[in-house]
Each structure stands twice: as structure tokens, then as C-alpha cells.
Number of protein chains: 2
Amino acid sequence: MGTTQLETVPEPKYWHLKTVLSDALDSEFAVGEILPNERDLAARFGVARATLRQALEQLELEGRLQRRRGVGTTVAPPRVGVAVDPVSHTWPGAAGDDWQPVDAIESATVPAAVAGLLATAPGDPVHIVRRSRVTHGRPVAAELLYVLAEAVPGCPPAASLGAPARARAVLQELQTLELEGQDRTVELGSARAEDAKQLDRLPGAPVLVVTTRYVSGGRTTAVAVSTYRADTCRLTFGESDAAALLAS
Amino acid sequence: MGTTQLETVPEPKYWHLKTVLSDALDSEFAVGEILPNERDLAARFGVARATLRQALEQLELEGRLQRRRGVGTTVAPPRVGVAVDPVSHTWPGAAGDDWQPVDAIESATVPAAVAGLLATAPGDPVHIVRRSRVTHGRPVAAELLYVLAEAVPGCPPAASLGAPARARAVLQELQTLELEGQDRTVELGSARAEDAKQLDRLPGAPVLVVTTRYVSGGRTTAVAVSTYRADTCRLTFGESDAAALLAS
């Protein structure tokens with residue numbers, strides 16, 4: 001967000017270079033254009049390659065550059081706003097939800113953090129629904145939705161349905177429950193191998209992890225762990241509210 | 001969030017090492033403990049130092065490790081939940097707001113992204129209020145709040161007040177306006193030099209940037225750009241809602 005300085009602070013060399021590079025991206029390069037190689041860039045700006053690499057990493061964190069295997073470093077398009085907080089609280093899979101179910105399994109093993117939120121005992125069966133979210137034709141997020149099996153007793157046993165049909169069945173059962181409340185946390189994470197594959201990134205790429213807790217019948221009934229690409233996404237909250245005011 | 005595998009995906013070497021290291025952190029190290037040096041760790045796990053470094057970077061992204069100048073790499077405490085979305089929409093500086101004003105200036109220069117949101121013309125005067133947020137005695141976030149000068153005409157001219165008094169004056173004037181709506185975006189960024197100083201981090205450290213737009217009188221009147229430490233913070237949205245339900 002620019003460089004408005006309220007007071008003077010000494011800057012490391014890579015930071016100064018980042019600012020210079022950022023200006024060069026604005027004035028000399030178009031979105032999608034491939035940058036010169038590191039050796040040429042370092043020579044042009046009169047810096048060591050290590051310094052250049054640090055500056056390029058900064059610009060990648062800020063979403064200005066993308067590094068892709070077999071392509072090189074390109075100028076990134078502006079980040080896409082992705083709505084995270086629905087206007088009205090609804091279950092995953094409700095009408096208007098733009099996540100697509102991929103498959104589902106029933107499991108007795110969930111990550112410790114999820115088990116803590118669901119307050120399950122070891123061995124309690126949980127449905128794990130995998131979903132994906134696509135915006136403008138590109139995958140932006142991958143999700144694992146954990147649903148207490150006892151909360152959706154109408155869901156057919158595992159063997160009776162194929163994986164995609166099973167995912168839809170769990171989501172349909174959820175709609176029959178009263179949703180009493182939900183909350184969310186957002187934190188920085190690194191993409192797990194399978195999420196990275198869904199998101200077309202390398203394992204460990206920075207992601208924004210949104211954990212949503214769904215409350216029904218006085219307890220946490222479902223937990224969604226949604227992994228958004230941090231390079232291309234800007235998460236939006238309550239957008240429709242202010243946007244409608246400004247449009248009117 | 002664990003390693004539940006819905007299907008088998010080949011993992012890079014650093015990723016496997018990260019999982020092994022993560023288990024070791026759980027079983028062998030306490031929060032705050034200093035890790036052995038890179039040479040010893042690489043030898044213990046039988047990997048190259050470059051692989052070790054990649055794994056350590058992953059664990060830092062995930063908030064499991066902290067690297068501090070002059071201290072080394074330590075085991076991080078769990079991330080602290082910081083409420084971002086207030087239950088009722090209020091102006092910055094309203095009662096119960098846990099941000100502290102630091103100082104303020106009047107400026108005609110704002111970052112392009114902020115100028116776009118405020119729909120200002122070049123040269124339009126804007127108050128810039130700097131604030132900080134401290135949780136459990138540690139700085140967690142730094143903020144620049146941009147307020148259209150024409151929206152708070154009662155604010156005394158720049159020369160008549162010291163910087164902290166000026167910040168309070170702008171915030172007080174805001175409370176007299178009707179707040180019609182607000183929205184937020186969350187994205188990954190890198191700490192600017194002055195934010196890094198306030199947050200006790202190096203410039204360029206990963207941060208979560210929350211941009212809040214405040215609407216009054218049918219237009220965007222103020223924009224807050226809040227920079228949260230990504231290593232120690234988990235941003236929470238609507239927490240009180242579900243938490244109250246679960247406590248009852």
C-alpha cells in the first residue's frame with residue numbers, strides 16, 4: 001500500500017530495491033509479461049543476486065509477481081476479491097454457495113485442531129467432504145469440511161454411494177438442521193500437498209486458511225478448513241453491504 | 001491442520017521433513033525453547049541444509065517457529081486470536097475500540113489504492129492517523145487510518161495541535177458522523193519499514209493486511225489499512241456470536 005512515511009526509518013537494501021522494482025513494474029511491464037532473468041536484473045540494478053532474490057520474494061508476497069514452474073517470473077494480475085462472509089448465515093451447500101463438492105469419506109481420524117473444535121472423542125466417526133472453489137475459471141480455494149456423523153444420521157452408509165454422491169448427500173442432510181451460529185478465523189498457512197495440487201501450486205506455498213465453525217443444537221456440528229491461494233486472492237467480508245450503499 | 005490424506009500425492013523432501021520436524025516439536029520441545037543450530041539439525045535428520053531451511057521456513061509460515069535476531073529459532077506459542085469484525089459497526093475510536101492513537105498528520109499524498117477507495121482527486125487533503133494495537137502486552141498490529149479532511153471540517157488546523165492530540169481530535173470528529181456501512185478485505189502482504197518497527201519485525205515480514213472501508217453520507221469517508229503480524233495472529237470474525245451460543 002505505497003510508501004507514505006510518517007517518520008524516517010533506515011531500510012535494508014532489499015527493501016529499497018523492492019520499491020524501485022515495484023515502480024519499474026508499474027512503468028515498464030504489462031501483466032503477464034516475463035521478467036528478465038536474475039543475472040540480468042541484478043546487473044541492471046547493481047545489486048547482489050541474494051539481494052535481488054529477497055526483493056523478488058517480497059513482491060511475490062505482495063502479489064505483484066508470480067513464479068511458475070517452467071515459465072519463470074511474471075507480472076501478476078491484480079488480486080481477485082473472493083467473498084468469504086455470506087450476507088445471511090447458511091450451511092455449506094446452501095443455494096448460492098459457489099463451492100463445488102468433489103468427494104467425501106467417513107473417517108475416525110481428524111486433525112487435532114479440528115477434533116478440538118468439534119469436541120469429538122478419538123474414534124468418533126466424522127464425514128470429510130472435499131470441496132473446491134473456482135473463480136473466473138481458476139481454482140482459488142480448496143476445502144475440507146468435517147461434519148459430525150451423529151449430526152446427520154440420515155446419511156447412507158459409506159459403501160452405498162460413490163464419492164461425489166456421498167458429498168452431496170452429506171451437504172443435503174446439513175440443510176435440514178437449524179444453523180444457530182457460525183464464526184471464522186483467518187490465518188497464514190502453507191499449502192498441504194493435496195491442497196497445493198488442487199490449487200496448482202507447490203506444497204508449502206503461502207495460503208490464507210479460513211476456519212469456519214458451524215453451531216447447531218448447542219454444539220459445534222461442522223468445521224470447514226478452507227485454503228485460499230494467498231498470491232491471487234483478496235478475501236472480502238461484508239462487501240455487499242457497503243457496495244450496495246455506494247452504488248445507490 | 002494435520003495430514004489427513006484423501007489420496008496419495010508425492011511430497012517433496014522438505015515437505016516430508018517438515019512433517020517429521022513438526023512431530024518432534026510436539027514431543028521434544030517446549031514453547032520458547034531454542035532449536036539446535038542448522039548444522040546439527042541437518043545432521044540429525046540426514047538432510048542437506050537447503051532442505052532443512054525450506055522446512056524451517058514452512059514451519060515459520062505456519063506459526064510453529066519464530067526466528068528472532070540475536071536469539072535464534074524458537075518454538076512459537078500458539079497464535080493469539082484477535083477480533084477484527086466488531087459485533088456492531090462503529091467508527092474507529094468508538095468506546096470499546098482497543099486501538100491506541102499514536103499520532104496524525106494532514107497530507108495530500110496517499111497510496112494509489114487508498115486514493116481509489118476514497119475517490120479523492122490528487123491534492124485533496126486527507127488526515128492520516130497512525131494507531132497501534134497491543135494484545136497481552138505485545139504489539140500485534142499497526143494501522144494507518146485515512147480520513148477525508150472535508151468530512152471532518154471541525155478538526156483544528158494542523159499547526160494548532162500536537163500529533164497525539166491531533167489523532168484524538170480526528171477520531172472524535174468521526175464519532176459525530178452517521179456510519180452507514182463498512183466492509184473489509186484481508187490479504188497477504190509484507191511489512192513496510194515503519195510498520196515492521198512498530199511490530200518488532202524485520203521489513204518485509206509476512207503480514208495480514210486488513211483494509212476497512214467506512215461509508216458515510218453515501219461515500220467512502222475513511223479507509224483503515226491495518227497490518228497484523230502473520231506469525232503470531234489469528235484474525236477472528238463473528239467470534240462472540242458462536243462463542244456465546246456454545247457457552248450457554
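Residues numbered from 1 in each chain as written. Chains lettered and ligands numbered in written order. Predicted model: local features only at pLDDT ≥ 70, side-chain atom pairs only at ≥ 80, totals over all residues. Heavy atoms only, no water.

### A short note on the sheet that holds strand 4 (residues 99–107) of chain B
Stage number 1. One open sheet accounts for 8 strands, arranged 3(A)-10(A)-7(B)-8(B)-9(B)-6(B)-5(B)-4(B); its pairing is mixed. Each having just a single partner strand, strand 3 (80–85) of chain A together with strand 4 of chain B make up the two edges of the open sheet. Strand-to-strand, the axes of this sheet are offset by a mean angle of 20°, without reference to chain direction.
Stage number 2. Relative to strand 5 (residues 126–135) of chain B, strand 4 of chain B runs antiparallel, the two being bridged by 8 bridges. When the bridges of strand 5 of chain B are listed, Ile 105 of chain B appears paired with Ile 128 of chain B. (Pairing = 2+ DSSP bridges. Helix = DSSP H or I, 4+ residues; strand = E, 2+ residues; numbered from the N terminus. Axes fitted to C-alpha atoms, helices over the stretch in contact; angles between N-to-C directions.)

### Description of helix 5 (residues 163–175) of chain A
Residues and elements named next belong to chain A.
Stage number 1. Across its 13 residues, helix 5 extends 19 Å between first and last C-alpha, which sits within 8% of the 18 Å expected from 1.5 Å per residue.
Stage number 2. Buried within helix 5 are the following residues: Arg 166, Ala 167, Ala 169, Val 170, Leu 171 and Leu 174.
Stage number 3. If you follow the buried residues of helix 5, they end up packed against strand 4 (99–107), strand 5 (126–135) and strand 6 (138–148). (Expected span 1.5 Å × (residues − 1). Buried < 20%, exposed > 50% of the residue type's maximum accessible area, 1.4 Å probe, protein only. Contact = heavy atoms within 4.5 Å.)

### A closer look at the sheet that holds strand 3 (residues 80–85) of chain B
Think of a sheet as strands paired side by side through backbone hydrogen bonds, with each pair either parallel or antiparallel.
Stage number 1. Pairing within the open sheet is mixed, and its 8 strands lie in the order 4(A)-5(A)-6(A)-9(A)-8(A)-7(A)-10(B)-3(B). In this open sheet, the two strands that pair with only one neighbour each are strand 4 of chain A together with strand 3 of chain B. Across the sheet, the axes of successive neighbouring strands diverge by a mean angle of 20°, strand direction being ignored.
Stage number 2. The pairing of strand 5 of chain A with strand 6 of chain A spans 10 bridges and is classified as antiparallel. Bridge pairing in strand 6 of chain A places His 127 of chain A opposite Val 147 of chain A.
Stage number 3. Helix 5 of chain A contacts strand 4, strand 5 and strand 6 of chain A of the sheet and is inclined by roughly 95° relative to strand 4 of chain A.

### Digging into the packing of helix 2 (residues 38–45) of chain A against helix 3 (residues 49–61) of chain A
All names here are of chain A.
Stage number 1. Contact geometry of helix 2 with helix 3 gives a least axis separation of 9 Å together with a crossing angle of 100°. Between helix 2 and helix 3, the angle is such that the two are roughly perpendicular. From helix 2, Glu 38, Arg 39, Leu 41 and Ala 42 reach across to helix 3, where they touch Arg 49, Leu 52, Arg 53 and Leu 56. (Parallel < 35°, antiparallel > 145°, perpendicular 65-115°, else oblique.)

### Focus on the environment of Asp 98 of chain B
Residue and element names in this part refer to chain B.
Stage number 1. Considering the arrangement of structural elements, one finds Asp 98 in the loop between strand 3 and strand 4.
Stage number 2. Distance from Asp 98 to Pro 12, taken between C-alpha atoms, is 43 Å for residues 86 residues apart in sequence.
Stage number 3. The residues contacting Asp 98, other than those within four sequence positions of it, are Ser 132 and Arg 133.
Stage number 4. Here the side chain of Asp 98 touches Arg 133 through a polar contact of 3.4 Å, side chain to side chain. (Polar contact = N/O pair within 3.5 Å; in protein donor to acceptor, adjacent residues only side chain to side chain.)

### Examining the nonpolar core
Stage number 1. Grouped together as the largest cluster of nonpolar side chains are 30 residues, with contacts concentrated most on Val 186, Tyr 228 and Leu 235 of chain A together with Val 186, Tyr 228 and Leu 235 of chain B.
Stage number 2. Setting aside its immediate chain neighbours within four residues, Leu 235 of chain B contacts Arg 184, Thr 185 and Val 186 of chain A together with Val 82, Val 84, Val 186, Leu 208, Val 210 and Tyr 228 of chain B. (Core = buried A, V, L, I, M, F, W, Y, C linked by side-chain atoms within 4.5 Å.)

### Concerning the confidence of the model for chain A
All names here are of chain A.
Stage number 1. Averaged over chain A, the pLDDT score is 86; the fraction of residues at 70 or greater is 90%.
Stage number 2. Across chain A, the element-wise mean pLDDT spans from 65 in helix 7 (residues 239–247) up to 96 in strand 9 (residues 219–229).
Stage number 3. In the model, residues 1–9 has pLDDT below 50 throughout and makes 27 contacts with residues more than four positions away in sequence or in other chains.
Stage number 4. Across the predicted assembly, pTM comes out at 0.87 and ipTM at 0.86. (pLDDT = per-residue confidence, 0-100.)

### Re unusual backbone geometry
Residue and element names in this part refer to chain B.
Stage number 1. Unlike most non-glycine residues, Ala 119 shows phi in positive territory, near 55°.
Stage number 2. Structurally, Ala 119 can be placed in the loop between helix 4 (112–118) and strand 5.
Stage number 3. A relative accessible area of 58% places Ala 119 in the exposed class.
Stage number 4. Although it is not a glycine, His 136 sits at a positive phi angle of roughly 50°.
Stage number 5. Considering the arrangement of structural elements, one finds His 136 in the loop between strand 5 and strand 6 (138–148).
Stage number 6. By relative accessible area, which is 71% here, His 136 ends up exposed.

### Points about the domain arrangement of chain A
Residue and element names in this part refer to chain A.
Stage number 1. Looking at chain A, the domain boundaries give domain 1 (13–75) and domain 2 (80–247).
Stage number 2. A C-alpha centroid distance of 35 Å is found between domain 1 and domain 2.
Stage number 3. Domain 1 puts 5 residues into the contact, and the matching count from domain 2 is 5 residues.
Stage number 4. Taken together, both faces of the contact between domain 1 and domain 2 bury some 440 Å²; the carbon and sulfur share is 39%.
Stage number 5. Partitioned by chemical class, the residues of the side of domain 1 that touches domain 2 number no nonpolar, 2 polar and 3 charged. (Domains from an automatic or database assignment. Buried area = accessible area lost by both parts, 1.4 Å probe. Nonpolar A, V, L, I, M, F, W, Y, C, P; charged D, E, K, R; others polar.)

### Points about the packing of helix 1 (residues 13–28) of chain B against helix 3 (residues 49–61) of chain B
Residues and elements named next belong to chain B.
Stage number 1. One way to put it is that helix 1 packs onto helix 3 with a least axis distance of 8 Å and a crossing angle of 60°. One way to sum up the angle between helix 1 and helix 3 is to call them oblique. Every pair of crossing elements has a handedness; the one defined by helix 1 and helix 3 is right-handed. Here Lys 13, Tyr 14, Trp 15, Leu 17, Lys 18, Leu 21, Ser 22 and Leu 25 of helix 1 lie close against helix 3, whose contacting residues are Thr 51, Leu 52, Gln 54, Ala 55, Leu 56, Gln 58 and Leu 59.
Stage number 2. Per-class residue counts for the contact of helix 1 with helix 3 are 9 nonpolar, 4 polar and 2 charged. (Left-handed = near helix turned anticlockwise from the far one by under 90°.)

### Observations regarding the pattern of salt bridges
Stage number 1. Scanning all chains against the criterion turns up 34 salt bridges over all chains.
Stage number 2. Salt-bridge contacts for Arg 79 of chain A lead to Glu 187 of chain B; the nearest nitrogen and oxygen are separated by 2.8 Å. With Arg 79 of chain A in the loop between strand 2 (72–75) and strand 3 and Glu 187 of chain B in strand 7 (residues 181–190), this pair bridges two chains. Each of the two residues, Arg 79 of chain A as well as Glu 187 of chain B, counts as buried.
Stage number 3. Across the pair Arg 166 of chain B and Glu 106 of chain B runs a salt bridge, and its minimum N-O distance is 3.5 Å. Within this pair, whereas Arg 166 of chain B is found in helix 5 (residues 163–175), its partner Glu 106 of chain B is found in strand 4, the two being separated by 60 residues in sequence.
Stage number 4. Arg 166 of chain B gets classed as buried once you look at its relative accessible area, which sits at 2%. (Salt bridge = Lys/Arg side-chain N within 4 Å of Asp/Glu carboxyl O.)

### A few points about the packing of aromatic side chains
Where two aromatic rings form a pair, the distance of their centres and the angle of their planes describe that pair.
Stage number 1. In total, this model carries 5 aromatic pairs over all chains according to the counting rule given.
Stage number 2. Residues Trp 99 of chain A and Tyr 228 of chain A carry aromatic rings whose centres are separated by 6.0 Å and whose planes lie at 75° to one another, so their mutual orientation is edge-to-face. With Trp 99 of chain A in strand 4 and Tyr 228 of chain A in strand 9, this pair connects stretches of sequence that are 129 residues apart.
Stage number 3. Residue classification places Trp 99 of chain A among the buried positions, given a relative accessible area of 9%.
Stage number 4. Above the ring of Trp 15 of chain B, the side-chain terminus of Lys 18 of chain B is found at 4.0 Å from the ring centroid. (Phe/Tyr/Trp six-rings, centres within 6.5 Å; stacked < 30°, edge-to-face > 60°. Lys NZ or Arg CZ within 6 Å of the ring centre and 35° of its normal.)

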